[in-house]
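Here are the chains, one letter per residue:
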Amino acid sequence: MTDPIEEHIAFDQTESKIALAGHPLHAMMVAFPIALAFSVFGADAFYWLTGDEFWPRVALWAAGFAFGMGVLAGVTGTFELLMVSGIRIRSASWTHFVLAVMLLSVLGLNWGFRLGDPVGAVLPWGAFISALGAGMTGITGWHGGKLVFDYQIGTHQGKQD
């Protein structure tokens, strides 16, 4: 018995269409929102431990940039999903997409929640939202890594030199 998805003519067409010198932009850009989402969580933890009001300001800026860079990475990833048939045909790609959209919602909420009063926003809800964001970042990133490492999504399929 054969898998009709694997038999589809476009199944092996997974090379990135949005790349710089052959390097997929989405894969390069996701490092920023990933690091920044974890930085928000870390800054909240440092504020909780030290009471230093420097950390809520760090969390505010990290949350804003996590959301902004996440949107940019999401736009490039969405274009890849829609433009490359071998990516679009896989359900794992859509799972990653849905998780990423949910994550962007949490990152945007985290930033918006802190805008008015960065210090007052941390405990308890800001810390909870940043922990949720860090957890969702790990899950979403794991799914993205699975696409690259297991399915070779976005990688060059040509001959090895």
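Just so it is clear, the structure is predicted and the values come from calculations on it, not from any experiment.

1. Examining the nonpolar core
Piece 1. Counting 8 residues, the largest nonpolar core consists of Ala-37, Ala-66, Leu-103, Leu-104, Val-106, Leu-107, Ile-129 and Met-136.
Piece 2. For this core, the secondary-structure elements that each account for two or more residues are helix H6 (91–115) and helix H7 (122–149).
Piece 3. Residue contacts for Leu-104: discarding those within four places in its chain leaves Phe-67, Gly-70 and Val-71.

2. Looking at a negative patch on the surface
Piece 1. On the surface, Asp-3, Glu-6, Glu-7 and Asp-12 cluster together to form a negatively charged patch.
Piece 2. Within the element layout of this structure, Asp-3 appears in the segment before helix H1 (4–7).
Piece 3. Look at Asp-3 and you get partly exposed, because its relative accessible area is 35%.

3. Things to note about the packing of aromatic side chains
Piece 1. By the definition in use, this model includes 6 aromatic pairs.
Piece 2. Here the aromatic rings of Trp-61 and Phe-65 are separated by 6.1 Å at their centres, their planes lie at 25°, and the arrangement is stacked. A residue pair is termed a helical-turn pair when its members lie 3 or 4 positions apart in one helix, as Trp-61 and Phe-65 do in helix H4 (residues 54–83) at 4 residues.
Piece 3. Judged by its relative accessible area of 48%, Phe-65 is partly exposed.
Piece 4. Taken together, Phe-46, Phe-54 and Trp-55 form an aromatic cluster joined through their ring pairs.

4. Some remarks on helix H3 (residues 31–50)
Piece 1. Here H3 is 20 residues long and its end C-alpha atoms lie 28 Å apart, about the 28 Å a rise of 1.5 Å per residue gives.
Piece 2. Listing the buried residues of H3 in full gives Pro-33, Ala-37, Val-40, Ala-43, Asp-44 and Tyr-47. For H3, the arc enclosing every buried residue in end-on projection is 120°, short of the 170-degree limit, so these residues lie on one face.
Piece 3. In this structure, the buried residues of H3 make contact with helix H2 (25–29), H4, H6 and H7.

5. With respect to the side chain of Ser-93
Piece 1. Position of Ser-93 relative to the elements: it lies in helix H6.
Piece 2. Judged by relative accessible area, Ser-93 falls into the buried class, the value being 4%.
Piece 3. The contact partners of Ser-93, leaving out residues within four places of it in the chain, are Leu-81, Ile-87 and Leu-147.

6. Re unusual backbone geometry
Where the residue is not glycine, phi is negative for most of them; where a peptide bond is considered, it is trans in most cases.
Piece 1. The amide bond that connects Leu-123 to the next residue, Pro-124, takes the cis arrangement and shows omega of 0°.
Piece 2. Relative to the helices and strands, Pro-124 is located in helix H7.
Piece 3. Although it is not a glycine, Ala-21 sits at a positive phi angle of roughly 55°.
Piece 4. Among the secondary structure elements, Ala-21 is positioned in the loop between strand E1 (19–20) and strand E2 (23–24).

7. Overview of the side chain of Thr-140
Piece 1. Relative to the helices and strands, Thr-140 resides in helix H7.
Piece 2. Here the side chain of Thr-140 touches Met-136 through a polar contact of 2.8 Å, landing on its backbone oxygen.
Piece 3. Those residues within four positions of Thr-140 in sequence are excluded, and the remaining contacts are His-96, Leu-99, Ala-100 and Leu-103.

8. Here's the deal with the environment of Ala-10
Piece 1. Note that Ala-10 resides in the loop between H1 and E1.
Piece 2. For Ala-10 and Ile-89, which are 79 residues apart along the polypeptide, the C-alpha to C-alpha distance reads 7.9 Å.
Piece 3. Discounting chain neighbours no more than four positions away, the residues touching Ala-10 are Ser-85 and Gly-86.

9. Quick word on the layout of surface pockets
Piece 1. Here the largest pocket defines a volume of roughly 680 Å³.
Piece 2. Around the largest pocket sit 32 residues that line it, and His-26, Val-30, Gly-77, His-96 and Gly-144 are the ones nearest its centre.
Piece 3. For the lining of the largest pocket, the class distribution of residues is 17 nonpolar, 14 polar and 1 charged.

Conventions we followed
- Residues numbered from 1 in each chain as written.
- Predicted model: local features only at pLDDT ≥ 70, side-chain atom pairs only at ≥ 80, totals over all residues.
- Heavy atoms only, no water.
- Core = buried A, V, L, I, M, F, W, Y, C linked by side-chain atoms within 4.5 Å.
- Buried < 20%, exposed > 50% of the residue type's maximum accessible area, 1.4 Å probe, protein only.
- Helix = DSSP H or I, 4+ residues; strand = E, 2+ residues; numbered from the N terminus.
- Contact = heavy atoms within 4.5 Å.
- Patch = residues over 30% accessible without salt bridge, like charges linked within 9 Å, V, L, I, M, F, W, Y side chains within 5 Å.
- Areas by Shrake-Rupley, 256 points an atom, 1.4 Å probe, with all protein chains shown as cover.
- Salt bridge = Lys/Arg side-chain N within 4 Å of Asp/Glu carboxyl O.
- Lys, Arg positive; Asp, Glu negative; His and termini not counted.
- Charge placed at Lys NZ, Arg CZ, Asp CG, Glu CD.
- Phe/Tyr/Trp six-rings, centres within 6.5 Å; stacked < 30°, edge-to-face > 60°.
- Expected span 1.5 Å × (residues − 1).
- Arc of directions from axis to C-beta.
- Polar contact = N/O pair within 3.5 Å; in protein donor to acceptor, adjacent residues only side chain to side chain.
- 1 Å grid on protein atoms, 1.4 Å probe; cavity = no way out; pocket = protein on both sides within 12 Å on 5 of 7 lines; lining within 4 Å.
- Points joined across faces, edges and corners; volume = space filled by probe spheres on them.
- Nonpolar A, V, L, I, M, F, W, Y, C, P; charged D, E, K, R; others polar.

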